[in-house]
Structures are given as structure tokens and as C-alpha cells.
Amino acid sequence: MLLTSIPTPFIRLLCLLLLAACQAPSSKQAEESSSIKDITLLFTNDFESAFDPIPAFWRKDVEFLGGAAHLASMIDSIRSAEEMVFLFDAGDMFTGTLSNRTQGELLMEMMITLRYDAMAIGNHEFDYGWKNFQKQKNRVPFPVLGANIFYKGTDIPFAQPYAIIERNGFRIGVIGVIGQDARSVVIPSNVDGLDFLDPAPVVDKYVKLLQPDVDLIVLLTHQGKTGPMQTDQEAHPEIWRDFEEDIALAGAVKDIDVLFSGHAHRGILEPFVHPETGTLIMQTFGHATHLGFLQLTVDTEKKLVLDHTGGLLDVESNRYPPHPIMQAKIDSYRARYPELQEVVSKAASRLSRKYNEESDIGNLFTDILREKMNTDLAFFNSGGIRADLPEGDITVAEMLDAFPFQDRIWKLELTGKQLREVLEQGFSFERGILQCSGLHSTYDVNQSKGERLQSLLINGKEVEDTDRFSASLPGVIAEGADLYTTFPQAKVLAGPGPYFADLLEEYLRETEVVQLPERGRMVRK
């Protein structure tokens, strides 16, 4: 069920007046009803610096979705309509151009204005290293939760593990955890001072601690398979991730009432009810195009959720005017970096990203790498491409939104055997296809994982296991992230080298009009 409206206070007031006119409650009834509370839970996940509305080109009913200032106005309207509202986030606020420039500071400032009650730590919070996030998380007045993150080799928590949020006498125990998959997509050197433990035993410990003292337990998770980096993913269920890890955790630990999750970007259109524990599980598509909405009727005496309704609300940018304080804050930070609005090139047509397919922007990035680094081949992980490049003018900000990371390029020597291994990893779609330049391949998704590569040609010649090729690629996969464990085994020719963002900017400034690169490098049979 996709919700498009919310109850108004006027309807509720009318209902209360009608009930009061029919019968005045006895003292016993009043006592019983005082334990029944209606609450509204709102949540976001994987915001990832989506400050501006996104053109909803895959929808016919909405022109734009999202935008931080529009989201703020929407949340304010819900708070004015509902008596008791809580707001949570399930991680990955960071990434993006302004996040990069401010080392995440603007995101934390945004969350202050939105008045979040708590957030869980996601993998992108470590984009600028764990020491930077240690500083940024102390900037905000609400708890930043990471119950299973510890300083390396110690039992000292890196972050607050849980919090109790109280409003109008209603108490929510909130726990936050990050999963092992989310940890694996972080550049290893960015978290080399931390340990990430199995979430389940930690969650069980804190649920048992909190349960006697609160009316509701909310778990914020950032786990499961990494989300598909595709702007129109809402319209493509075939690339949606499952949320089996959240289901398993909700089944393994009793007394979790609500689980809001992130990382998989899996839009759960209506609350999933765990068949054994009754835990309500929800997640949005990310990028603030939707706001998670869950209303509960809770018996605080019995600590029982009596009823629920919820879903994903469209953040319709044209419907909600920009929140003045939020917009002023964003504009203020942008004014510090006027160079971001400089036009560096033009695109003949939109260069879109695809997660499980060869993409125009993936072809462009790998072609740039191969040319600038003078290698036989070039690779790019699909998850590293964070936005499309628009048709027409390309600004510095748009360029950096497409690749917002501080990642250096490595040159490796790969054997034919190693090349086949990394391509097979891409064709598993566990972390999206591996974007490539300098080769032509065919693959068959009907075959078992590890056996999908059908043909591999370089310069028109079939590749042999003993052949050797130079290759350029971002450091994140050169170090083995995104499950590309073969790359760290390859011979290093050079690195770490230049930042890819610098190579991209250099290329765009040299190119008056960017054309669509050649397609047909990875053909699905």
C-alpha cells in the first residue's frame, strides 16, 4: 500500500467530540484508555546528500521528488497534524559534493534542523575516515548509534549503543547497528581503527536491557546487500534487493517492535510483519524521494502494539514549499563554494547509470581512466557511480555528485585468469556489474554464478589465462571492496595515483561536448 495522505487533526477532533457526546467514560475506562497511545514514527535511510529535488522521469504523476528543504516542510506538516511524532534515520547521510567539501558537516546541520530523534551509523559516514566521523557525530544534539562498533582490539564503544527517547510520557528504546556487508564496502583504510562485531548478540543484549523500561523498542539497522545505484530503481523491481538479513535478525531477537533499515535501498511499500516475532520492518528507496511513515496504537501497560498502518509517502517537491530555515542553511553552505556552479562541459545527451548493466556513464568513466592512465583496460564499480550526468551544461557540482569520493587510482597487472575472475564477480550482481573499457564480453545470467562469462575478447582476440594486461581502477576495488578479492592479489604497477575526481574534471574541461561512448562492451545473451 503506497500512502498518499495522512489523517488530519480535524478528523480526529471530530471523532473525539462524537464519542464524548455519546458516552462519558467511567473512571475505570479512563484508566484503561490512558494506557493506549497513538504514535507516529517517521524515518529516512540512505539520504546521501540528496539536497535538491530529483526529476522523476520514470513517473507520470509526479514531476520532482525529494529535496531536503521540501522534506523538512513535509515533516513539519505531519508534526502539526499528529500528536506524538518521532523521526529516525537508518544511516548513510554522507556522500555527495557538499558532503565532501564540508566533510559531512552540512549533513549533520541538516539533521539538526529536521530535529531527528536518533540515527544509526551507515557505511558512508566513514567516507572521510573514522576520525572525521568521530568529530561530526558529536556535533548534533541527538544520539548517533552504533552498538556493534568498537575501537580496534578493545571493548570500548565507538558510538552510543542505544538511547531512550521520551515524549509526552511515551518512551522508546532505540538501538542502532551496522552489518558486515555495509562494513565491507568502506575503503578499508578508512576504518582501520575500528572493529565491527556481529549485530545479533549485541542487539539481543540491549533489547533485554531496555525492554523493562520502555513502551516500544525500535531497531535501526544498516545492513543487507548494498543498494542498487540506479536513479529510477523504484520503477525496476528486478534490481530490488531483498531484506533477508533484517528478517533473520528480527527472528533471532525477540521483543523488537519496529525495525527501520537502510543500505539495501529496498523500498518496502507496506510494513512487513515478521511471521514469528511480529516485528514490523520498513525501508525506503533512499535519497529522500520517499518518507517512511508508520502509525502505531500501543498498549503501554501490556507493552503491546495493538494496531499499525504505514507505507512510503512521496516527497512531492512541488507540493511542499522549501522550508525557509533549511533552504537558508543549504544556500549558506553553497555560497562558501561558488566554484561548484562553474560549467565545465556539456553533454550531448543524458548519461545514465545502471547497476546491473553496462551504462553510458560507466563507459565514460572507464574510457577516461584508460586514456588518462594509459592502460590496456579500465574498471569501475557500479556502486561508485552516484548520480547521472544531465544533458546540457555540466557543473562542477554535478560532476562531483556523479563521483563524490576521495579515491585514488591504481594501476595493476592482471592475468587473463584474474580478469575472468573479476568479470565473473560483476556478473554475479552481488555488487552490480563491473563497468569496463578495453574489452568485449558476453554473459549468460541463466548460468550458475562463476560460470556466466561466455566470451572475452581484447583487440579482437580471445583472452588466454596466461595473458597479461595493465588495468586502471579506483582504490576502493583495488583494495578488495565490493567483494573484488582478486584485485588485491594482482601485481601493482603504480599507486596510489591521482584522484579520479581530478581526472574526470580534467577530461570534462578538455571536452567541449561529451558524446555517448561506444556501447556493446558487455552483451547479455
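Residues numbered from 1 in each chain as written. Predicted model: local features only at pLDDT ≥ 70, side-chain atom pairs only at ≥ 80, totals over all residues. Heavy atoms only, no water.

1. Some words on the pattern of salt bridges
When the charged atoms of two side chains with opposite charge come close together, those side chains can pair.
So, point 1. Tallied over the full model, the rule gives 32 salt bridges.
So, point 2. Across the salt bridge formed by E506 and K372, the nearest N and O atoms sit 2.7 Å from each other. A residue pair is termed long-range when its members are at least 10 positions apart, and E506 in helix 15 (residues 500-510) and K372 in helix 11 (residues 360-373) qualify at 134 residues.
So, point 3. Since its relative accessible area comes to 21%, K372 is described here as partly exposed. (Salt bridge = Lys/Arg side-chain N within 4 Å of Asp/Glu carboxyl O. Helix = DSSP H or I, 4+ residues; strand = E, 2+ residues; numbered from the N terminus. Buried < 20%, exposed > 50% of the residue type's maximum accessible area, 1.4 Å probe, protein only.)

2. Structural notes on the nonpolar core
So, point 1. Grouped together as the largest cluster of nonpolar side chains are 81 residues, with contacts concentrated most on F47, M110, F126, F365 and F500.
So, point 2. When sequence neighbours within four positions are dropped, the list of residues in contact with F126 reads I121, F133, I149, F158, V186, N190, V191, L194 and F196. (Core = buried A, V, L, I, M, F, W, Y, C linked by side-chain atoms within 4.5 Å. Contact = heavy atoms within 4.5 Å.)

3. Remarks on the sheet that holds strand 16 (residues 304-314)
So, point 1. The 6 strands lie next to each other as 6-5-4-1-15-16, forming an open sheet whose pairing is mixed. The open sheet has two edge strands with one neighbour each: strand 6 (144-145) and strand 16.
So, point 2. Here strand 5 (residues 118-120) runs beside strand 6; their pairing, made up of 2 bridges, is parallel. Its bridge partner lying in strand 6, A120 is registered against L145.
So, point 3. Sheet strands touched by helix 3 (residues 68-81): strand 1 (36-44), strand 4 (85-89), strand 15 (290-299) and strand 16. Its angle to strand 15, the strand with the most contacts, is close to 20 degrees. (Pairing = 2+ DSSP bridges. Axes fitted to C-alpha atoms, helices over the stretch in contact; angles between N-to-C directions.)

4. Notes on the pairing of strand 4
So, point 1. Summarising burial for strand 4: 5 of the 5 residues are buried, a large majority.
So, point 2. Bridge count for strand 1 against strand 4 is 5 bridges, and the pairing is parallel. Bridge assignment links L41 to a residue of strand 4, and that residue is F86.
So, point 3. Pairing geometry for strand 4 and strand 5, over 2 bridges, is parallel. By the bridge assignment for strand 5, F88 is matched with A118.

5. Digging into the side chain of T289
So, point 1. Within the secondary structure, T289 is located in the loop between strand 14 (280-282) and strand 15.
So, point 2. Exposure remark for T289: the relative accessible area of 6% places this residue in the buried category.
So, point 3. Reaching out from T289, the side chain makes a polar contact with the backbone oxygen of G286 at a distance of 3.3 Å. (Polar contact = N/O pair within 3.5 Å; in protein donor to acceptor, adjacent residues only side chain to side chain.)

6. A short note on the packing of aromatic side chains
So, point 1. For the coordinates displayed, the defined rule picks out 28 aromatic pairs.
So, point 2. Plain terms: the ring middles of F126 and F133 are 6.0 Å apart, the flat faces sit at 70 degrees to each other, and that makes the pair edge-to-face. Comparing F126 with F133 shows no difference in burial state: the two are buried.
So, point 3. Here K137 stacks its cationic end above the ring of F158, 5.1 Å away from the centre of that ring.
So, point 4. The positively charged end of R336 is found above the aromatic ring belonging to Y333, 4.0 Å away from the centroid. (Phe/Tyr/Trp six-rings, centres within 6.5 Å; stacked < 30°, edge-to-face > 60°. Lys NZ or Arg CZ within 6 Å of the ring centre and 35° of its normal.)

7. Section: the packing of helix 11 against helix 15
So, point 1. Remark: helix 11 packs on helix 15, axes separated minimally by 10 Å, with the N-to-C direction vectors making an angle of 95 degrees. In terms of orientation, helix 11 and helix 15 fall into the roughly perpendicular class. Contacts from L364, F365, I368, L369, E371, K372 and M373 of helix 11 reach helix 15 at F500, L503, L504, E506, Y507 and E510.
So, point 2. Broken down by class, the residue content of the contact of helix 11 with helix 15 amounts to 9 nonpolar, no polar and 4 charged. (Parallel < 35°, antiparallel > 145°, perpendicular 65-115°, else oblique. Nonpolar A, V, L, I, M, F, W, Y, C, P; charged D, E, K, R; others polar.)

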